[in-house]
Amino acid sequence: MYIAAFSPAELRDLSQTPIIPVTADNGVVRHLLPVQCYFKGDSQAQFHSKLFTFVDFGSPANTFLGACGVKREPSVEEIAKILLDNPRQFYELSGGREK
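Predicted model, so just to flag it, every value in this text is computed and none were measured.

Asker: Account for the nonpolar core, naming residues and giving values.
Answerer: The biggest cluster of nonpolar side chains holds eleven residues, and these are Leu11, Ile20, Val22, Leu32, Cys37, Phe39, Val55, Phe64, Leu65, Cys68 and Val70. A per-element tally of this core places helix H3 (residues 59–68) first, with three residues. Ignoring anything within four residues of it in the chain, the contact list for Leu32 reads Thr17, Pro18, Ile19, Ile20, Val22, Cys37 and Thr53. If you look at the next biggest cluster of nonpolar residues, it comprises five residues, including Tyr38, Leu51, Phe52 and Phe90.

Asker: Now, about the packing of aromatic side chains: what can you tell me, with residues and values included?
Answerer: For the coordinates displayed, the defined rule picks out three aromatic pairs. With centroids separated by 5.5 Å and ring planes inclined at 50 degrees, the aromatic side chains of Phe6 and Phe64 adopt a geometry described as tilted. Residue Phe6 is found in the segment before helix H1 (8–15), and its partner Phe64 is found in helix H3; the two are separated by 58 residues along the sequence. Look at Phe6 and you get partly exposed, because its relative accessible area is 24%. Geometrically, the ring pair formed by Tyr38 and Phe52 is edge-to-face, given 5.3 Å between the ring centres and 80 degrees between the ring planes. Pair noted here: Tyr38 is in strand E3 (residues 37–39) and Phe52 is in the loop between helix H2 (46–51) and strand E4 (53–55), with a separation of 14 residues, a long-range link. Note on Tyr38: relative accessible area 4%, which makes it buried. Taking the relative accessible area as the measure of exposure, Phe52 reaches 10% and is therefore buried. Among the aromatic side chains, those forming a connected cluster through ring pairs are Tyr38, Phe52 and Phe54.

What counts and how
Residues numbered from 1 in each chain as written. Predicted model: local features only at pLDDT ≥ 70, side-chain atom pairs only at ≥ 80, totals over all residues. Heavy atoms only, no water. Core = buried A, V, L, I, M, F, W, Y, C linked by side-chain atoms within 4.5 Å. Buried < 20%, exposed > 50% of the residue type's maximum accessible area, 1.4 Å probe, protein only. Helix = DSSP H or I, 4+ residues; strand = E, 2+ residues; numbered from the N terminus. Contact = heavy atoms within 4.5 Å. Phe/Tyr/Trp six-rings, centres within 6.5 Å; stacked < 30°, edge-to-face > 60°.

Structural data, given as structure tokens:
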């Protein structure tokens, strides 16, 4: 499948469509928007993996998903939003004051 076969409007629509299957720790599969996911990588911090969803479906699929809105890593703004949306969870996941 070639990305060029999709118009920018179609890729925008796909970015807002829950097409990425993610399996939770309890085995339940849910589907997320591409803009809610990030690619796994060597620099992926363990802390970030508790706050954000990281995926890797292989090179061809990842190229397509990147065109649909999956990003390499969370931005500072996205991390700040998580912190502001749920400061207690952020604090607990970070390991408390020491970390």
